[in-house]
Every structure is written in structure tokens, then in C-alpha cells.
Amino acid sequence: MTAPRPLVAGNWKMNGLKAQLKELTELAQGFDDALKSKIDLLVCPPATLVCPAANATNGARIAIGAQDCHTGVSGAHTGDVSAQMLGDCGATFVIVGHSERRADHGESDATVRAKAKAVLAAGLTAIVCVGETRAQREANEATAVVGRQIDGSLDALFDPAKIVVAYEPVWAIGTGLTPTTADVAQMHEFIRHRLVALYKEAGAGVRILYGGSVKPSNARELMGVKNVDGALVGGASLKAADFLGIAAAYR
Ligand code: 13P
């Protein structure tokens, strides 16, 4: 199987008022045919901007995603949003199990799996996040932790064509620190083996993104690592110029 088509994804986190949508216009201008032929581009704004962002990028081949969803379709869950609602707004991806949600909202692997299931049931693609903390890496537990997260957050019954995995070491998020390319290669190969164990040949086609302090200056090196099929970008996705600078790693 040929390597999966790269995906460069932006996670705006809890950032962005309506004025931020102008970055999408700039992004659409910079996402030229040469780049479109090589990669998929995705922006995940806060839930409030999913609808207008999908309208703003209509026709630009920039996909819009959400950062979280409820496990259910509808019902008495005040303040929550379902994957179906996000799809109705034009989202085609939903991030689930980001470490900030695992930490801030106590989301377990079982919850993340239920959310991923809901995303797939809504016909959308789930970006399932995994990654170890600094303490876990220092204790040489990184692969064991990520292995447990993969096993607990994915399901052999999921359609692998609708799954993306994002490896985001918690200690690399928003810190300017990144693992060595050797460490990234080792973890992505480990994740690839787990995906092949779960989904057989189709596991080779599941995109594995790297996330954590990806910038225009380090994107080429990180995206060049074997089994790195794109990036999940936080801070540097907020400015179209920076995000395009990261995507340019694939030019
Ligand atoms: P930064 O790119 O800001 O380190 O964030 C990474 C991230 O958490 C993306 O989901």
C-alpha cells in the first residue's frame, strides 16, 4: 500500500472570534493547486465558528472540523454538541481525546472511544489523539501509555478509512519542545504496528499525524519522518501565513 495522503490539520483550540475567519480567506488563497495535489488541509475552529468556517471555505478544498463532541446524537445534555450537529454545519472531521480534554475533563479511553464511535456514526472522520506526559516519558513508559490509549480509544469494528491518529506528546504541546526525529520515528512505527494489528492491511492506510510545537521552521524535518502522515498544529495554525509555512513542507 502506498503511503497515506498527508493531512495538515489546525486545531484553533479555544481561540477565535468571528474576525479570525479572515485567516481562512488567506489560507484559501495560499492553498494553491500544486499543494492541493499533494495534501489535505483541515482547520478545526471552536464550535461557535464551525458553521461560518465551513461556509467561508466552501469550494476552497479546505476541510473544517470540530475539536470535540458528545457521545450521543441528541437529548438532555445541556451545553453539549453532537457529531451529527457538527456534520450538519459542514464539519467533516472531529478531534477526540485531545490531551487537554483528557486532562481538563477527565476523559477516559472509554469515553474517547465512545466519542469516536459517535463521530463515525455521523459519517465524519475521527482524529483520535494519544500521547504521553513528560513524567511518563522519563519513566520509559511512553510506548506503554500510547499503546494503552490506542487499544482503549479505538475499536476493531471502526472503519479504518474514517480514522486518523494524532500522536501528541503532552510535554511538546505549546512548549516549543519537540521529540527527536528518532523518537518520533520510533513512536509512529509503534503506532503503525498497532493499527496493522487492529485493521490488517487497512491499518497501513490510516494517517498518523504528529502534533506538538510544529512550526514552519521544524515542519519539514518532522514531516519527513517515516510514518508521519501530516501534522496536528495548535498555535501556529492561528495565522494563515504560519500554517501555510508548515504545509509548505510538502511542496
Ligand atoms: P501546539 O502546536 O500549540 O504545540 O499544539 C499542539 C496541539 O495540541 C494540537 O492539537
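A. Spatial organisation of the overall build of the chain. Along the chain, the regular secondary structure elements total eleven helices and eight strands. By the compact-globule yardstick of 18 Å for 251 residues, the chain fits well, its C-alpha radius of gyration being 17 Å. Its C-alpha atoms give the chain principal-axis dimensions of roughly 45 × 45 × 35 Å. A total of 251 residues make up the chain; the buried ones form 51% of that total. In the chain, once contacts between residues fewer than 6 apart in sequence are set aside, the share between residues at least 24 apart is 72%. In the form shown here, the chain has an accessible surface area of approximately 11100 Å², with 54% of it arising from carbon and sulfur atoms. Measuring between centres, the 25 positive side-chain charges of the chain sit 3 Å from its 25 negative side-chain charges.

B. Representation of the state of the cysteines. Tallied over the entire structure, the rule returns one disulfide. Two residues, Cys51 and Cys89, share a disulfide whose sulfurs are 1.8 Å apart. The sign of the -75° torsion about the S-S bond sets the Cys51-Cys89 disulfide as left-handed. With a gap of 38 residues between them, Cys51 in helix H3 (residues 50-56) and Cys89 in helix H4 (residues 83-89) connect regions that are remote in the sequence. Owing to a relative accessible area of 25%, Cys89 belongs among the partly exposed residues under this scheme. Cys44 carries a free sulfur, and the closest cysteine sulfur to it, the one in Cys129, is 9.3 Å from it. Free of any disulfide, Cys69 has its nearest cysteine sulfur in Cys44, 12 Å distant.

C. Quick look at the nonpolar core. If you look at the biggest cluster of nonpolar residues, it comprises 66 residues, and the most contacted ones within it are Leu27, Leu41, Val119, Leu154, Val165 and Ile191. Those residues in contact with Leu27 that lie beyond four places of it in its chain are Leu41, Val43, Ile62, Ala240, Phe243 and Leu244. Within the second largest apolar cluster, 13 residues are counted, among which are Leu7, Phe93, Ala166 and Leu232.

D. Region of the structure containing the site of the ligand. Contacts to the ligand come from 13 residues, most closely from Lys13, His98, Glu168, Gly174 and Ser213. In the environment of the ligand, an oxygen atom lies 3.0 Å from a nitrogen or oxygen atom belonging to the side chain of Asn11. One nitrogen or oxygen atom from the main chain of Gly174 is found 2.7 Å from an oxygen atom belonging to the ligand. Taken by itself the ligand offers 310 Å² of open surface, and the protein chains cover 94% of this. For the shell around the ligand, the class distribution of residues is four nonpolar, seven polar and two charged.

E. Representation of the packing of helix H8 (residues 142-153) against helix H9 (residues 181-199) within the structure. Taken N-terminus to C-terminus, the directions of H8 and H9 make an angle of 35°; their axes are 11 Å apart at the nearest point. Judged by the sense of rotation from one axis to the other, the crossing of H8 with H9 is right-handed. Two secondary-structure elements touch here, H8 through Ala142, Thr143, Val146, Gly147, Ile150 and Asp151 and H9 through Gln186, Met187, Phe190, Ile191 and Arg194. In the contact of H8 with H9, the residues fall into six nonpolar, three polar and two charged.

F. Inspection of the side chain of His70 at higher detail. Here His70 shows up in the loop between strand S3 (62-66) and H4. The exposure class of His70 is buried, given its relative accessible area of 15%. Within the local environment of His70, its side chain forms a polar contact with the backbone nitrogen of Gly72, the two atoms lying 2.7 Å apart. Reaching out from His70, the side chain makes a polar contact with the side chain of His77 at a distance of 3.4 Å. Residue contacts for His70: discarding those within four places in its chain leaves His77, Asp80, Val81, Ser82 and Ala118.

Rules and cut-offs
Residues numbered from 1 in each chain as written. Predicted model: local features only at pLDDT ≥ 70, side-chain atom pairs only at ≥ 80, totals over all residues. Heavy atoms only, no water. Helix = DSSP H or I, 4+ residues; strand = E, 2+ residues; numbered from the N terminus. Rg over C-alpha atoms; globule rule 2.2 N^0.38 Å. Buried < 20%, exposed > 50% of the residue type's maximum accessible area, 1.4 Å probe, protein only. Contact = heavy atoms within 4.5 Å. Areas by Shrake-Rupley, 256 points an atom, 1.4 Å probe, with all protein chains shown as cover. Lys, Arg positive; Asp, Glu negative; His and termini not counted. Charge placed at Lys NZ, Arg CZ, Asp CG, Glu CD. Disulfide = S-S within 2.5 Å. Core = buried A, V, L, I, M, F, W, Y, C linked by side-chain atoms within 4.5 Å. Near = heavy atom within 4 Å. Polar contact = N/O pair within 3.5 Å; in protein donor to acceptor, adjacent residues only side chain to side chain. Nonpolar A, V, L, I, M, F, W, Y, C, P; charged D, E, K, R; others polar. Axes fitted to C-alpha atoms, helices over the stretch in contact; angles between N-to-C directions. Left-handed = near helix turned anticlockwise from the far one by under 90°.

The values are spatial; any link to function lies outside them.
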